[in-house]
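Residues per chain, in single letters:
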Amino acid sequence: LFLDWLKEGRAKQGLTIRQLAELLEEHPSVVGKIETGQRRLDLFEYCQYCEVLGLSPCDGLKLLKQT
């Protein structure tokens with residue numbers, strides 16, 4: 001549910017994985033691994049991710065709590 005929320009946030013911004021990676025100053029494979037659950041986000045990365053996508057970090061944490 002959480003990963004779907006992140007992917008949906010990226011899609012709503014009209015960003016590809018490559019474009020999001022550029023905004024985050026990361027390699028596209030990192031973003032791809034995050035979205036498939038192969039890599040976890042640390043707290044700082046999570047906040048950056050949310051800021052770039054215009055998402056509320058609190059909303060994401062609520063989703064994590066539900067699972």
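Residues numbered from 1 in each chain as written. Predicted model: local features only at pLDDT ≥ 70, side-chain atom pairs only at ≥ 80, totals over all residues. Heavy atoms only, no water.

1. Re the packing of aromatic side chains
Then, number 1: Evaluation of the coordinates by the stated rule reveals two aromatic pairs.
Then, number 2: Where Phe2 meets Tyr46, the ring centres are 5.7 Å apart and the plane angle is 45 degrees; that geometry is what we call tilted. Note that Phe2 is positioned in helix α1 (residues 2–12) and Tyr46 in helix α4 (residues 43–53), a separation of 44 residues in sequence.
Then, number 3: Judged by its relative accessible area of 13%, Phe2 is buried.
Then, number 4: In this structure an aromatic cluster arises from ring pairing among Phe2, Trp5 and Tyr46. (Phe/Tyr/Trp six-rings, centres within 6.5 Å; stacked < 30°, edge-to-face > 60°. Helix = DSSP H or I, 4+ residues; strand = E, 2+ residues; numbered from the N terminus. Buried < 20%, exposed > 50% of the residue type's maximum accessible area, 1.4 Å probe, protein only.)

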